[in-house]
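Close look at the chain arrangement
The primary structure of each chain is shown beneath.
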Amino acid sequence: MPWWRSRWFKNLILVLTGVLGVYGIVLVDVVLRAKESYQQAEKYLYWHDHPEAKKAFFDKKFEKEKKLLEESISKKKLPESEFQAKLETLEFDRDYNISESSLKYAYQYFKDTYELFTPPESSWVKKARVKTPEVLEMWKQELREQKIPYEDTFFD
C-alpha cells in the first residue's frame, strides 16, 4: 500500500484540514470585528460633524424604549413608581449620550480596531492606524475649547 493511502497520512490530512479551518474561521472573525469597530468609529466621527443625526438617533432609541415601558404599564406588568424610575433613567441615558463627546468614542473605536483586531493587518486596521492620531488631535482641541484640563497620558 502506498504511503499516501496509509492511515497515518489520512489522519494527518484530517488534522491539518481541521487546524487550517479553525485558523480560517478565526481570521474571518477578527477581520469582521475590525470592520465593525472601524464602522462604529466612523459613525461617531460622523456624529461629531452632524450632531443633529446623533440627537435623532438617541431620541428615536428613547422613544422606542419608552413605548415598551408604556406597553408594560398598560398591561399592568409594571407599577407606576417603577415606570417613572425607569423613564427617568431612560431620559438620563439619552441626555448623557447626546452630551458625550463623539470624538472620544471615535478615537477609542479607531484605537481598539488596530490594537484588538490584529493580526491580521486588514484594510480596516490600516485605515484605523491612519485616522487615530487625527481624531485624537481633534478631541484634544475639543477639550481645549471647553477648557477641560488633560494630560497626554490620559489617552494611552
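For the structure, check the block above.
To start, this report covers the structure provided alongside it. Numbers given to residues run from 1 along each chain, matching the order in which its sequence is written. The predicted nature of this model means local features are confined to residues of pLDDT at least 70 and side-chain atom pairs, given and counted, to a pLDDT of 80 or more, with totals for whole chains, interfaces and linings taken over all residues. Excluding hydrogens and water, the side-chain figures rest on all heavy atoms present in the structure.

**Comments concerning the overall build of the protein**
Helix and strand definitions here come from DSSP, where helices need a minimum of 4 consecutive H or I residues and strands a minimum of 2 consecutive E residues; each element is numbered from the N-terminal end. For the protein, the count of helices and strands is 5 helices and 0 strands. Going from N to C terminus, the protein has its helices and strands arranged as α-α-α-α-α. We compute the radius of gyration from the C-alpha atoms alone; for a globule the expected value is 2.2 Å times N to the 0.38, where N is the number of residues. Radius of gyration (C-alpha) of the protein: 24 Å, far over the 15 Å computed for a compact globule of 156 residues. On the principal axes, the C-alpha backbone points of the protein span a range of 80 × 50 × 25 Å. Counting over 156 residues, the protein shows a buried share of 27%. A separation of at least 24 residues holds for 65% of the contacts in the protein among residues at least 6 apart in sequence. With a 1.4 Å probe rolled over the protein chains alone, any residue whose accessible area is under 20% of its type maximum counts as buried; one over 50% counts as exposed, and the rest are partly exposed. Here, residues are in contact when the closest pair of their heavy atoms is within 4.5 Å.

**With respect to the environment of Y38**
Its location among the elements puts Y38 in helix α1 (residues 7-49). Here Y38 falls in the buried class, since its relative accessible area comes to 8%. In sequence terms Y38 and Y96 are 58 residues apart; their C-alpha atoms lie 23 Å from each other. In contact with Y38, other than residues within four places in its own chain, are F110, T113, W124, K127, A128 and K131.

**Let's talk about the environment of E63**
On the secondary structure map, E63 appears in helix α2 (residues 51-74). What makes E63 partly exposed here is its relative accessible area of 44%. Sequence-wise, E63 and E91 are 28 residues apart; in three dimensions their C-alpha atoms are separated by 9.8 Å.

**Digging into the nonpolar core**
Counting residues in each nonpolar core, the largest one holds 22 residues, and the members touching the most others are L45, A106, Y107, F110, V135, W139 and F155. When residues of this core are traced back to their parent elements, those giving at least two are α1, α4 (102-116) and α5 (123-145). In contact with W139, not counting residues within four places along its chain, are S101, L103, K104, Y107 and F155. Throughout, nonpolar core names a set of buried Ala, Val, Leu, Ile, Met, Phe, Trp, Tyr and Cys residues whose side chains join them through atoms within 4.5 Å. Within the second largest apolar cluster, 6 residues are counted, among which are F62, L78, F83 and L90.

Just distances and angles here, no functional claims.
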